[in-house]
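Close look at the chain arrangement
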Amino acid sequence: MPSSLPALTHWVETVARLTQPAHIHWCDGSDDERRALTAGMLDNGDLLPLNPQTHPDCYLHRSHPDDVARVEHLTFICTENRDDAGPNNLWLAPDEGHTRIDALFAGCMRGRTLYVVPYCMGPIDSPLARCGVEITDSPYVVANMRIMTRMGAAALARIERDGHFVKGLHSIGELDPERRYIMHFPEELTIKSYGSGYGGNALLGKKCHALRIASWQARNEGWLAEHMLIVGIQTPAGETHYIAAAFPSACGKTNLAMLIPPQAYREAGWKVWTLGDDICWMQPGADGRLWAINPEAGFFGVAPGTGNKTNRNAVEMLHHDAIFTNVALTDDNQPWWEGLDKRVPAFDWRGRPFDPGNGAAAHPNSRFTVSARQCPSYSPRMEDAHGVPISAIVFGGRRESLVPLVFEARDWCHGVLLGAAMASETTAAATGAVGVVRRDPMAMKPFCGYNFADYFAHWLSFEQPETKLPKIFHVNWFRKDADGQFLWPGFGDNLRVLEWMIRRIQGDADAVDTPIGLLPHAQDLNCDGLDCNPDQLGQLLAVDRDAWKAEIAAVRDYLQTFGERLPAALTAELDRVEAALGG
Ligand code: OXD
Ligand code: MN
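Conventions adopted
- Residues numbered from 1 in each chain as written.
- Chains lettered and ligands numbered in written order.
- Predicted model: local features only at pLDDT ≥ 70, side-chain atom pairs only at ≥ 80, totals over all residues.
- Heavy atoms only, no water.
- Domains from an automatic or database assignment.
- Contact = heavy atoms within 4.5 Å.
- Buried area = accessible area lost by both parts, 1.4 Å probe.
- Polar contact = N/O pair within 3.5 Å; in protein donor to acceptor, adjacent residues only side chain to side chain.
- Helix = DSSP H or I, 4+ residues; strand = E, 2+ residues; numbered from the N terminus.
- Near = heavy atom within 4 Å.
- Areas by Shrake-Rupley, 256 points an atom, 1.4 Å probe, with all protein chains shown as cover.
- Nonpolar A, V, L, I, M, F, W, Y, C, P; charged D, E, K, R; others polar.

1. Observations concerning the domain arrangement of the protein
Along its sequence, the protein is organised into domain 1 (6-221), domain 2 (226-297 + 380-544) and domain 3 (299-374). With centres defined by C-alpha atoms, the gap from domain 1 to domain 3 works out at 25 Å. Taken together, the 26 residues of domain 1 in the interface contact 28 residues of domain 3. Between domain 1 and domain 3, the buried area comes to about 2300 Å², and carbon and sulfur atoms account for 57% of it. For the domain 1 face of the interface with domain 3, the top three residues by lost area are His55, Arg62 and Ile147, together amounting to 23%. The tally of links from domain 1 across to domain 3 stands at 19 residue pairs in polar contact (both at pLDDT 80 or more). Among the secondary structure elements, those contributing two or more residues to the side of domain 1 that touches domain 3 are β3 (59-61), α5 (139-148) and α7 (199-202). Top element by residues in the side of domain 1 that touches domain 3 is α5. It accounts for 5 residues.

2. Comments concerning the site of ligand 1
Taken together, Arg70, Lys206, Lys207, His227, Ser249, Asp278, Arg367, Ala429 and Phe447 make up the full set of residues adjacent to ligand 1. Within the contact set of ligand 1, an oxygen atom lies 2.9 Å away from a side-chain nitrogen or oxygen of Arg70. In the environment of ligand 1, an oxygen atom lies 3.1 Å from a nitrogen or oxygen atom belonging to the side chain of Asp278. Summarising the interface, the protein chains cover 96% of the accessible area of ligand 1, which totals 210 Å² for the free molecule. Of the residues in the shell around ligand 1, the class split is 2 nonpolar, 2 polar and 5 charged. Each of domain 1 (6-221) and domain 2 (226-297 + 380-544) contributes no fewer than three residues to the shell around ligand 1.

This is the structure we're talking about:
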(Lines give C-alpha, C1' and ligand atoms only; values in the text may rest on other atoms or scores of the structure.)
(Ligands and ions follow the chains in the order given, each with its own letter.)
Protein backbone atom coordinates (compact mmCIF):
# COMPACT_ATOMS: atom_id res chain seq x y z
CA MET A 1 0.00 0.00 0.00
CA PRO A 2 2.44 2.69 -1.10
CA SER A 3 1.38 6.05 0.21
CA SER A 4 -0.52 8.93 -1.33
CA LEU A 5 1.98 11.29 0.32
CA PRO A 6 4.62 12.15 -2.31
CA ALA A 7 7.23 13.07 0.33
CA LEU A 8 6.96 9.56 1.75
CA THR A 9 6.98 7.57 -1.49
CA HIS A 10 9.84 9.69 -2.80
CA TRP A 11 11.90 9.05 0.36
CA VAL A 12 11.23 5.29 0.20
CA GLU A 13 12.35 5.27 -3.46
CA THR A 14 15.51 7.19 -2.62
CA VAL A 15 16.37 4.80 0.22
CA ALA A 16 15.67 1.79 -2.01
CA ARG A 17 18.06 3.18 -4.64
CA LEU A 18 20.74 3.52 -1.97
CA THR A 19 20.20 0.20 -0.16
CA GLN A 20 19.12 -2.02 -3.11
CA PRO A 21 16.62 -4.33 -1.37
CA ALA A 22 15.20 -7.40 -3.12
CA HIS A 23 11.66 -6.55 -1.97
CA ILE A 24 9.76 -3.67 -0.41
CA HIS A 25 6.97 -4.34 2.08
CA TRP A 26 4.69 -1.59 3.43
CA CYS A 27 3.56 -2.67 6.90
CA ASP A 28 -0.16 -2.42 7.64
CA GLY A 29 0.04 -3.71 11.22
CA SER A 30 -2.51 -6.50 10.57
CA ASP A 31 -2.63 -9.89 12.28
CA ASP A 32 -2.01 -11.63 8.95
CA GLU A 33 1.15 -9.60 8.55
CA ARG A 34 2.29 -10.47 12.08
CA ARG A 35 1.68 -14.18 11.45
CA ALA A 36 3.63 -14.11 8.20
CA LEU A 37 6.55 -12.21 9.75
CA THR A 38 6.67 -14.58 12.71
CA ALA A 39 6.60 -17.64 10.44
CA GLY A 40 9.50 -16.21 8.42
CA MET A 41 11.56 -15.52 11.54
CA LEU A 42 10.87 -18.99 12.95
CA ASP A 43 12.05 -20.39 9.62
CA ASN A 44 15.31 -18.49 9.54
CA GLY A 45 16.08 -18.80 13.27
CA ASP A 46 15.59 -15.10 14.15
CA LEU A 47 12.95 -16.32 16.60
CA LEU A 48 12.74 -19.52 18.61
CA PRO A 49 9.37 -20.76 19.79
CA LEU A 50 8.81 -20.96 23.55
CA ASN A 51 6.72 -23.51 25.44
CA PRO A 52 3.25 -23.08 23.87
CA GLN A 53 1.48 -24.44 26.97
CA THR A 54 3.01 -22.00 29.47
CA HIS A 55 3.80 -19.15 27.02
CA PRO A 56 1.48 -19.15 23.99
CA ASP A 57 2.62 -16.84 21.18
CA CYS A 58 5.88 -16.02 22.95
CA TYR A 59 9.24 -16.12 21.21
CA LEU A 60 12.91 -15.85 22.05
CA HIS A 61 15.35 -13.80 20.02
CA ARG A 62 19.10 -14.20 20.56
CA SER A 63 21.04 -11.21 19.40
CA HIS A 64 24.61 -11.17 18.24
CA PRO A 65 26.73 -11.34 21.44
CA ASP A 66 28.36 -8.00 20.50
CA ASP A 67 25.00 -6.31 20.11
CA VAL A 68 23.23 -6.33 23.45
CA ALA A 69 22.98 -2.70 24.61
CA ARG A 70 22.83 0.93 23.52
CA VAL A 71 26.11 2.28 22.16
CA GLU A 72 26.48 5.80 23.47
CA HIS A 73 30.01 6.16 22.07
CA LEU A 74 28.61 5.64 18.54
CA THR A 75 25.52 7.85 18.96
CA PHE A 76 25.75 11.29 17.33
CA ILE A 77 23.69 14.45 17.15
CA CYS A 78 24.39 16.16 13.82
CA THR A 79 23.50 19.86 13.83
CA GLU A 80 24.78 22.76 11.71
CA ASN A 81 26.09 24.47 14.82
CA ARG A 82 28.13 22.29 17.19
CA ASP A 83 26.98 24.22 20.27
CA ASP A 84 23.38 23.29 19.55
CA ALA A 85 24.26 19.65 20.27
CA GLY A 86 26.24 20.71 23.34
CA PRO A 87 28.97 19.03 25.38
CA ASN A 88 26.45 16.37 26.43
CA ASN A 89 26.40 14.87 22.92
CA LEU A 90 28.84 13.52 20.39
CA TRP A 91 28.59 15.81 17.39
CA LEU A 92 29.20 15.69 13.66
CA ALA A 93 28.32 18.25 10.99
CA PRO A 94 25.23 16.96 9.11
CA ASP A 95 27.11 16.56 5.78
CA GLU A 96 29.83 14.55 7.46
CA GLY A 97 27.27 12.44 9.35
CA HIS A 98 25.30 11.62 6.19
CA THR A 99 28.45 10.83 4.22
CA ARG A 100 29.82 8.47 6.87
CA ILE A 101 26.64 6.54 7.42
CA ASP A 102 25.37 6.51 3.81
CA ALA A 103 28.63 4.80 2.83
CA LEU A 104 27.54 1.94 5.12
CA PHE A 105 23.96 1.90 3.82
CA ALA A 106 25.05 1.64 0.15
CA GLY A 107 23.79 -1.71 -1.13
CA CYS A 108 23.29 -3.06 2.42
CA MET A 109 19.81 -4.52 1.78
CA ARG A 110 20.75 -6.65 -1.26
CA GLY A 111 18.83 -9.92 -1.02
CA ARG A 112 16.79 -8.56 1.92
CA THR A 113 13.30 -7.11 2.31
CA LEU A 114 12.97 -3.41 3.07
CA TYR A 115 10.08 -2.87 5.47
CA VAL A 116 8.33 0.51 5.59
CA VAL A 117 6.93 0.90 9.11
CA PRO A 118 4.56 3.87 9.62
CA TYR A 119 4.04 4.48 13.34
CA CYS A 120 2.42 6.93 15.70
CA MET A 121 3.95 7.83 19.06
CA GLY A 122 0.93 8.39 21.29
CA PRO A 123 -2.79 7.73 20.82
CA ILE A 124 -3.62 8.06 17.12
CA ASP A 125 -6.02 10.98 17.68
CA SER A 126 -3.95 12.79 20.29
CA PRO A 127 -2.84 16.36 19.58
CA LEU A 128 0.25 15.49 21.64
CA ALA A 129 1.15 12.46 19.45
CA ARG A 130 3.77 12.65 16.68
CA CYS A 131 4.36 10.24 13.81
CA GLY A 132 7.30 8.71 12.07
CA VAL A 133 8.21 6.13 9.48
CA GLU A 134 10.98 3.63 10.08
CA ILE A 135 12.55 1.86 7.15
CA THR A 136 14.31 -1.30 8.32
CA ASP A 137 15.60 -4.61 6.97
CA SER A 138 14.95 -6.40 10.27
CA PRO A 139 11.68 -8.30 10.71
CA TYR A 140 12.53 -8.53 14.45
CA VAL A 141 12.48 -4.72 14.56
CA VAL A 142 9.12 -4.68 12.76
CA ALA A 143 7.68 -7.19 15.26
CA ASN A 144 8.92 -5.06 18.18
CA MET A 145 7.71 -1.79 16.64
CA ARG A 146 4.28 -3.39 16.26
CA ILE A 147 4.13 -3.88 20.03
CA MET A 148 5.90 -0.68 21.10
CA THR A 149 4.05 1.81 18.87
CA ARG A 150 0.70 2.27 17.12
CA MET A 151 2.04 0.86 13.87
CA GLY A 152 0.46 0.34 10.44
CA ALA A 153 -2.51 1.59 8.46
CA ALA A 154 -3.97 3.98 11.08
CA ALA A 155 -0.56 5.62 11.59
CA LEU A 156 -0.09 5.98 7.82
CA ALA A 157 -3.51 7.63 7.53
CA ARG A 158 -2.52 10.16 10.19
CA ILE A 159 0.84 10.80 8.52
CA GLU A 160 -0.98 11.47 5.26
CA ARG A 161 -3.32 13.88 7.10
CA ASP A 162 -0.44 15.63 8.93
CA GLY A 163 1.71 15.77 5.79
CA HIS A 164 4.93 15.33 7.80
CA PHE A 165 6.74 12.64 9.76
CA VAL A 166 10.10 11.79 11.32
CA LYS A 167 12.24 9.76 8.91
CA GLY A 168 14.12 6.81 10.41
CA LEU A 169 16.39 4.62 8.33
CA HIS A 170 17.71 1.44 9.92
CA SER A 171 19.72 -1.55 8.78
CA ILE A 172 21.27 -4.27 10.87
CA GLY A 173 24.10 -4.21 8.33
CA GLU A 174 26.67 -6.84 9.26
CA LEU A 175 26.11 -6.43 13.05
CA ASP A 176 29.76 -5.45 13.16
CA PRO A 177 30.60 -3.13 16.09
CA GLU A 178 33.22 -1.51 13.84
CA ARG A 179 30.52 -0.62 11.30
CA ARG A 180 27.87 0.82 13.60
CA TYR A 181 26.46 4.34 14.07
CA ILE A 182 23.29 5.81 15.51
CA MET A 183 22.94 9.29 13.97
CA HIS A 184 20.34 11.98 14.53
CA PHE A 185 19.72 15.01 12.34
CA PRO A 186 17.20 16.98 14.42
CA GLU A 187 17.08 19.91 11.98
CA GLU A 188 15.92 17.43 9.30
CA LEU A 189 13.78 15.33 11.69
CA THR A 190 15.83 12.39 10.47
CA ILE A 191 17.45 9.36 12.14
CA LYS A 192 19.92 6.92 10.58
CA SER A 193 20.97 3.80 12.45
CA TYR A 194 23.31 1.15 11.08
CA GLY A 195 24.85 -2.06 12.33
CA SER A 196 22.79 -2.93 15.43
CA GLY A 197 19.56 -4.81 16.01
CA TYR A 198 19.40 -3.96 19.74
CA GLY A 199 16.17 -2.24 20.87
CA GLY A 200 17.46 1.17 21.91
CA ASN A 201 19.58 1.41 18.75
CA ALA A 202 17.10 -0.12 16.32
CA LEU A 203 13.50 0.50 17.43
CA LEU A 204 13.75 4.05 16.17
CA GLY A 205 10.41 5.17 17.62
CA LYS A 206 11.80 4.76 21.13
CA LYS A 207 15.02 6.51 22.18
CA CYS A 208 15.92 8.03 18.80
CA HIS A 209 12.53 9.56 17.97
CA ALA A 210 10.54 9.80 21.23
CA LEU A 211 13.48 11.26 23.17
CA ARG A 212 16.33 12.63 21.04
CA ILE A 213 14.35 14.05 18.11
CA ALA A 214 11.23 14.73 20.21
CA SER A 215 13.20 16.69 22.82
CA TRP A 216 14.34 18.99 20.00
CA GLN A 217 10.79 19.32 18.63
CA ALA A 218 9.47 19.85 22.16
CA ARG A 219 11.83 22.76 22.77
CA ASN A 220 10.72 24.44 19.55
CA GLU A 221 7.04 23.78 20.20
CA GLY A 222 6.80 24.42 23.97
CA TRP A 223 6.48 20.92 25.44
CA LEU A 224 8.70 18.35 27.17
CA ALA A 225 9.87 14.90 25.98
CA GLU A 226 11.22 13.08 29.01
CA HIS A 227 12.75 9.76 30.13
CA MET A 228 9.97 9.22 32.67
CA LEU A 229 7.44 6.63 33.73
CA ILE A 230 3.84 7.69 34.33
CA VAL A 231 1.89 6.12 37.18
CA GLY A 232 -1.53 6.88 38.66
CA ILE A 233 -1.93 6.50 42.44
CA GLN A 234 -5.55 6.17 43.54
CA THR A 235 -6.10 7.05 47.20
CA PRO A 236 -8.75 5.42 49.41
CA ALA A 237 -10.80 8.62 48.86
CA GLY A 238 -10.95 7.68 45.17
CA GLU A 239 -8.78 10.52 43.91
CA THR A 240 -6.03 9.59 41.40
CA HIS A 241 -2.76 11.52 41.30
CA TYR A 242 -0.58 11.05 38.24
CA ILE A 243 3.16 11.08 38.85
CA ALA A 244 5.93 11.29 36.24
CA ALA A 245 9.30 9.97 37.40
CA ALA A 246 12.73 10.09 35.79
CA PHE A 247 15.29 7.43 36.70
CA PRO A 248 18.25 6.38 34.58
CA SER A 249 18.03 3.15 32.56
CA ALA A 250 17.62 -0.04 34.62
CA CYS A 251 16.97 1.86 37.89
CA GLY A 252 13.42 0.61 38.49
CA LYS A 253 11.10 2.73 36.32
CA THR A 254 9.19 -0.38 35.21
CA ASN A 255 8.85 -1.62 38.80
CA LEU A 256 7.61 1.74 40.11
CA ALA A 257 5.16 2.06 37.21
CA MET A 258 3.64 -1.34 38.08
CA LEU A 259 3.95 -1.10 41.86
CA ILE A 260 1.79 -3.45 43.94
CA PRO A 261 0.73 -1.70 47.17
CA PRO A 262 1.62 -3.37 50.48
CA GLN A 263 -1.26 -5.46 51.80
CA ALA A 264 -2.45 -2.90 54.36
CA TYR A 265 -2.59 -0.24 51.64
CA ARG A 266 -4.53 -2.58 49.33
CA GLU A 267 -6.98 -3.29 52.10
CA ALA A 268 -7.36 0.42 52.78
CA GLY A 269 -8.29 0.97 49.11
CA TRP A 270 -5.08 2.23 47.46
CA LYS A 271 -4.74 1.33 43.76
CA VAL A 272 -1.94 1.81 41.28
CA TRP A 273 -2.48 2.44 37.55
CA THR A 274 0.28 2.00 34.99
CA LEU A 275 0.46 4.46 32.09
CA GLY A 276 4.07 4.19 30.99
CA ASP A 277 7.45 2.87 32.08
CA ASP A 278 9.99 4.83 30.04
CA ILE A 279 8.90 7.93 28.14
CA CYS A 280 6.57 10.82 28.92
CA TRP A 281 5.55 13.75 26.73
CA MET A 282 4.08 16.69 28.65
CA GLN A 283 2.50 19.98 27.67
CA PRO A 284 0.73 22.73 29.63
CA GLY A 285 -3.03 22.41 29.16
CA ALA A 286 -5.63 25.18 29.03
CA ASP A 287 -5.95 24.87 32.83
CA GLY A 288 -2.21 25.59 33.28
CA ARG A 289 -1.41 22.10 34.51
CA LEU A 290 1.05 19.79 32.72
CA TRP A 291 -0.78 17.06 30.78
CA ALA A 292 1.12 13.92 29.84
CA ILE A 293 0.91 11.02 27.42
CA ASN A 294 3.05 7.94 27.09
CA PRO A 295 4.08 7.95 23.43
CA GLU A 296 4.72 4.20 23.54
CA ALA A 297 2.20 1.35 23.39
CA GLY A 298 4.26 -1.36 25.06
CA PHE A 299 7.08 -2.10 27.45
CA PHE A 300 10.64 -2.98 26.46
CA GLY A 301 11.67 -3.92 29.97
CA VAL A 302 14.81 -5.29 31.60
CA ALA A 303 14.10 -8.95 32.50
CA PRO A 304 16.66 -9.76 35.24
CA GLY A 305 15.37 -8.86 38.67
CA THR A 306 11.74 -9.13 37.56
CA GLY A 307 10.05 -11.63 39.88
CA ASN A 308 6.95 -12.08 41.97
CA LYS A 309 8.41 -10.11 44.86
CA THR A 310 9.76 -7.21 42.81
CA ASN A 311 7.13 -6.89 40.07
CA ARG A 312 4.34 -9.46 40.04
CA ASN A 313 2.37 -7.45 37.48
CA ALA A 314 5.24 -7.77 35.01
CA VAL A 315 5.56 -11.52 35.59
CA GLU A 316 1.83 -11.93 34.97
CA MET A 317 1.82 -9.93 31.75
CA LEU A 318 4.60 -12.05 30.25
CA HIS A 319 2.75 -15.34 29.85
CA HIS A 320 1.47 -14.77 26.33
CA ASP A 321 2.18 -12.66 23.22
CA ALA A 322 5.61 -11.47 24.26
CA ILE A 323 9.04 -11.34 22.66
CA PHE A 324 12.03 -12.14 24.88
CA THR A 325 15.53 -11.09 23.91
CA ASN A 326 18.69 -12.69 25.34
CA VAL A 327 17.02 -14.47 28.27
CA ALA A 328 17.89 -18.02 29.35
CA LEU A 329 15.73 -21.13 28.88
CA THR A 330 14.51 -23.81 31.27
CA ASP A 331 14.62 -27.48 30.21
CA ASP A 332 10.96 -27.25 29.18
CA ASN A 333 11.62 -24.22 27.01
CA GLN A 334 10.29 -21.47 29.25
CA PRO A 335 12.00 -18.08 29.38
CA TRP A 336 14.08 -17.58 32.53
CA TRP A 337 16.28 -14.91 34.07
CA GLU A 338 18.04 -14.24 37.35
CA GLY A 339 15.51 -13.07 39.93
CA LEU A 340 12.53 -14.82 38.32
CA ASP A 341 12.44 -17.87 40.59
CA LYS A 342 14.59 -20.64 42.02
CA ARG A 343 14.61 -22.93 38.97
CA VAL A 344 17.95 -23.69 37.36
CA PRO A 345 17.98 -22.87 33.64
CA ALA A 346 19.08 -25.38 31.03
CA PHE A 347 20.48 -22.92 28.44
CA ASP A 348 22.05 -19.49 28.81
CA TRP A 349 21.28 -16.43 26.68
CA ARG A 350 23.75 -17.52 24.01
CA GLY A 351 22.10 -20.96 23.75
CA ARG A 352 24.93 -22.79 25.51
CA PRO A 353 24.11 -25.41 28.17
CA PHE A 354 23.98 -23.35 31.36
CA ASP A 355 27.27 -23.28 33.26
CA PRO A 356 27.56 -20.76 36.14
CA GLY A 357 31.25 -20.53 35.21
CA ASN A 358 30.18 -18.61 32.07
CA GLY A 359 28.45 -15.88 34.13
CA ALA A 360 24.76 -15.02 34.36
CA ALA A 361 22.32 -17.26 32.50
CA ALA A 362 20.31 -14.33 31.13
CA HIS A 363 22.21 -11.33 29.78
CA PRO A 364 22.02 -8.53 32.43
CA ASN A 365 20.35 -6.34 29.79
CA SER A 366 18.04 -9.07 28.48
CA ARG A 367 14.59 -7.72 27.70
CA PHE A 368 10.92 -8.46 27.18
CA THR A 369 8.67 -6.70 24.69
CA VAL A 370 4.99 -6.73 25.50
CA SER A 371 1.86 -4.69 24.86
CA ALA A 372 0.94 -2.33 27.74
CA ARG A 373 -2.60 -3.70 27.61
CA GLN A 374 -1.35 -7.01 29.01
CA CYS A 375 -0.30 -5.37 32.27
CA PRO A 376 -2.77 -6.17 35.09
CA SER A 377 -2.46 -2.54 36.30
CA TYR A 378 -2.88 -1.06 32.78
CA SER A 379 -4.70 2.26 32.90
CA PRO A 380 -7.25 2.80 30.12
CA ARG A 381 -6.36 6.50 30.44
CA MET A 382 -3.25 5.60 28.43
CA GLU A 383 -5.52 6.04 25.43
CA ASP A 384 -6.79 9.50 26.45
CA ALA A 385 -6.03 11.89 23.61
CA HIS A 386 -5.41 14.73 26.07
CA GLY A 387 -3.35 12.65 28.48
CA VAL A 388 -3.45 12.88 32.26
CA PRO A 389 -2.69 15.86 34.54
CA ILE A 390 0.60 15.49 36.40
CA SER A 391 0.58 16.22 40.17
CA ALA A 392 4.25 15.46 40.86
CA ILE A 393 7.52 15.07 39.02
CA VAL A 394 10.06 12.79 40.67
CA PHE A 395 13.78 12.59 39.95
CA GLY A 396 15.92 9.78 41.27
CA GLY A 397 19.16 7.93 40.88
CA ARG A 398 20.99 4.92 42.19
CA ARG A 399 23.15 6.32 45.01
CA GLU A 400 24.60 4.10 47.75
CA SER A 401 25.30 7.03 50.04
CA LEU A 402 24.56 10.71 50.69
CA VAL A 403 21.20 11.20 48.97
CA PRO A 404 18.18 10.85 51.32
CA LEU A 405 15.20 8.60 50.63
CA VAL A 406 13.04 11.55 49.60
CA PHE A 407 13.04 15.33 49.60
CA GLU A 408 10.95 18.02 47.99
CA ALA A 409 12.12 20.98 45.97
CA ARG A 410 11.32 24.39 47.37
CA ASP A 411 9.93 25.62 44.05
CA TRP A 412 10.14 24.97 40.30
CA CYS A 413 13.61 26.49 39.85
CA HIS A 414 15.00 24.44 42.75
CA GLY A 415 13.31 21.38 41.23
CA VAL A 416 14.99 22.00 37.89
CA LEU A 417 18.31 22.18 39.74
CA LEU A 418 17.55 18.84 41.44
CA GLY A 419 16.96 17.35 37.99
CA ALA A 420 20.06 18.97 36.51
CA ALA A 421 22.19 17.72 39.42
CA MET A 422 21.03 14.10 39.14
CA ALA A 423 23.70 11.44 39.29
CA SER A 424 23.52 7.68 39.29
CA GLU A 425 25.64 4.56 39.24
CA THR A 426 25.81 3.17 35.69
CA THR A 427 23.99 -0.06 34.72
CA ALA A 428 24.12 -2.70 31.98
CA ALA A 429 21.62 -0.83 29.76
CA ALA A 430 24.52 0.76 27.90
CA THR A 431 27.92 -0.69 27.00
CA GLY A 432 30.75 0.37 29.32
CA ALA A 433 31.64 0.07 33.01
CA VAL A 434 28.83 -0.68 35.46
CA GLY A 435 28.52 0.92 38.93
CA VAL A 436 30.37 4.17 38.26
CA VAL A 437 28.66 7.38 39.47
CA ARG A 438 28.01 9.69 36.54
CA ARG A 439 25.98 12.88 36.18
CA ASP A 440 22.75 12.11 34.39
CA PRO A 441 20.54 15.24 34.41
CA MET A 442 16.85 14.31 34.39
CA ALA A 443 18.01 10.77 33.37
CA MET A 444 18.44 12.34 29.90
CA LYS A 445 22.24 12.20 29.51
CA PRO A 446 22.02 9.58 26.73
CA PHE A 447 18.82 10.98 25.25
CA CYS A 448 18.70 14.79 25.16
CA GLY A 449 18.92 15.75 21.49
CA TYR A 450 20.36 19.20 22.16
CA ASN A 451 22.59 21.23 24.46
CA PHE A 452 21.74 20.55 28.11
CA ALA A 453 22.18 24.25 28.93
CA ASP A 454 19.33 25.07 26.51
CA TYR A 455 17.36 22.12 27.88
CA PHE A 456 17.62 23.47 31.46
CA ALA A 457 16.53 26.89 30.18
CA HIS A 458 13.59 25.24 28.42
CA TRP A 459 12.54 23.56 31.69
CA LEU A 460 12.83 26.87 33.56
CA SER A 461 10.67 28.59 30.92
CA PHE A 462 7.58 26.64 32.03
CA GLU A 463 7.27 28.78 35.14
CA GLN A 464 4.74 31.37 33.96
CA PRO A 465 1.97 33.24 35.76
CA GLU A 466 -0.64 31.06 34.03
CA THR A 467 0.96 27.63 34.73
CA LYS A 468 0.10 25.48 37.75
CA LEU A 469 3.17 23.31 37.76
CA PRO A 470 3.54 20.02 39.64
CA LYS A 471 5.63 19.77 42.79
CA ILE A 472 9.09 18.30 42.22
CA PHE A 473 10.62 15.60 44.46
CA HIS A 474 13.89 13.68 44.54
CA VAL A 475 14.08 10.05 45.71
CA ASN A 476 16.77 7.44 46.26
CA TRP A 477 15.64 3.86 46.83
CA PHE A 478 19.21 2.57 46.75
CA ARG A 479 20.85 3.79 50.00
CA LYS A 480 23.07 1.20 51.68
CA ASP A 481 24.33 0.89 55.26
CA ALA A 482 27.94 0.46 56.33
CA ASP A 483 27.65 -3.30 55.63
CA GLY A 484 26.47 -2.74 52.09
CA GLN A 485 22.85 -3.73 52.85
CA PHE A 486 19.98 -1.72 51.35
CA LEU A 487 18.42 0.54 53.99
CA TRP A 488 15.02 0.77 52.32
CA PRO A 489 12.97 -2.26 51.17
CA GLY A 490 11.88 -0.54 47.94
CA PHE A 491 9.42 -1.99 45.40
CA GLY A 492 5.82 -2.02 46.76
CA ASP A 493 6.91 -0.19 49.90
CA ASN A 494 7.88 2.82 47.79
CA LEU A 495 4.16 3.64 47.94
CA ARG A 496 4.83 4.82 51.50
CA VAL A 497 7.04 7.55 50.04
CA LEU A 498 4.53 8.36 47.30
CA GLU A 499 1.86 8.68 49.98
CA TRP A 500 3.92 11.37 51.72
CA MET A 501 4.25 13.20 48.39
CA ILE A 502 0.50 13.05 47.86
CA ARG A 503 -0.12 14.37 51.37
CA ARG A 504 2.29 17.23 50.59
CA ILE A 505 0.40 17.95 47.37
CA GLN A 506 -2.88 17.98 49.29
CA GLY A 507 -1.37 20.18 52.00
CA ASP A 508 -1.82 17.42 54.60
CA ALA A 509 1.78 16.81 55.67
CA ASP A 510 4.50 18.91 57.19
CA ALA A 511 8.15 18.90 56.19
CA VAL A 512 11.55 19.63 57.70
CA ASP A 513 13.18 22.58 56.00
CA THR A 514 16.82 21.70 55.23
CA PRO A 515 19.42 23.36 52.96
CA ILE A 516 18.91 20.68 50.28
CA GLY A 517 15.10 20.77 50.36
CA LEU A 518 12.06 19.69 52.35
CA LEU A 519 12.26 16.29 54.04
CA PRO A 520 9.55 14.27 55.80
CA HIS A 521 9.47 14.11 59.56
CA ALA A 522 10.24 10.45 60.39
CA GLN A 523 6.79 10.08 61.93
CA ASP A 524 5.15 11.28 58.70
CA LEU A 525 6.38 8.28 56.73
CA ASN A 526 4.04 5.37 57.31
CA CYS A 527 6.35 2.53 58.32
CA ASP A 528 3.69 0.27 59.89
CA GLY A 529 4.55 -3.35 59.29
CA LEU A 530 7.96 -2.45 57.86
CA ASP A 531 11.21 -3.97 58.94
CA CYS A 532 12.91 -0.57 59.17
CA ASN A 533 14.16 0.51 62.60
CA PRO A 534 14.45 4.16 63.77
CA ASP A 535 18.20 4.10 63.20
CA GLN A 536 17.75 3.02 59.57
CA LEU A 537 15.06 5.63 59.04
CA GLY A 538 17.36 8.21 60.64
CA GLN A 539 20.10 7.35 58.14
CA LEU A 540 17.62 7.47 55.25
CA LEU A 541 16.48 10.96 56.21
CA ALA A 542 19.82 12.45 57.30
CA VAL A 543 21.45 15.42 55.58
CA ASP A 544 25.23 15.32 55.98
CA ARG A 545 26.19 18.96 55.44
CA ASP A 546 29.88 18.40 54.73
CA ALA A 547 29.22 15.63 52.27
CA TRP A 548 26.56 17.81 50.61
CA LYS A 549 29.00 20.70 50.29
CA ALA A 550 31.29 18.35 48.37
CA GLU A 551 28.35 17.19 46.24
CA ILE A 552 27.33 20.77 45.44
CA ALA A 553 30.91 21.55 44.44
CA ALA A 554 30.85 18.53 42.09
CA VAL A 555 27.52 19.68 40.65
CA ARG A 556 28.98 23.15 40.08
CA ASP A 557 32.03 21.68 38.30
CA TYR A 558 29.72 19.65 36.10
CA LEU A 559 27.35 22.51 35.29
CA GLN A 560 30.28 24.78 34.48
CA THR A 561 31.13 22.51 31.56
CA PHE A 562 28.12 24.11 29.83
CA GLY A 563 29.79 27.54 30.01
CA GLU A 564 28.04 30.75 29.07
CA ARG A 565 24.87 29.05 27.84
CA LEU A 566 23.98 27.79 31.32
CA PRO A 567 20.94 29.77 32.58
CA ALA A 568 21.97 32.28 35.27
CA ALA A 569 18.89 31.30 37.30
CA LEU A 570 20.29 27.80 37.74
CA THR A 571 23.67 29.06 38.97
CA ALA A 572 21.88 31.45 41.32
CA GLU A 573 19.88 28.51 42.68
CA LEU A 574 23.08 26.54 43.22
CA ASP A 575 24.59 29.55 45.05
CA ARG A 576 21.52 29.67 47.24
CA VAL A 577 21.77 25.98 48.22
CA GLU A 578 25.50 26.33 48.84
CA ALA A 579 24.97 29.37 51.05
CA ALA A 580 22.26 27.52 53.00
CA LEU A 581 24.74 24.70 53.60
CA GLY A 582 27.09 27.21 55.12
CA GLY A 583 29.24 28.17 52.14
C1 OXD B 1 15.76 1.63 27.83
C2 OXD B 1 16.99 2.33 28.24
O3 OXD B 1 15.84 0.65 27.07
O4 OXD B 1 16.86 3.37 28.90
O5 OXD B 1 14.68 2.07 28.23
O6 OXD B 1 18.10 1.86 27.93
MN1 MN C 1 14.85 3.98 29.20
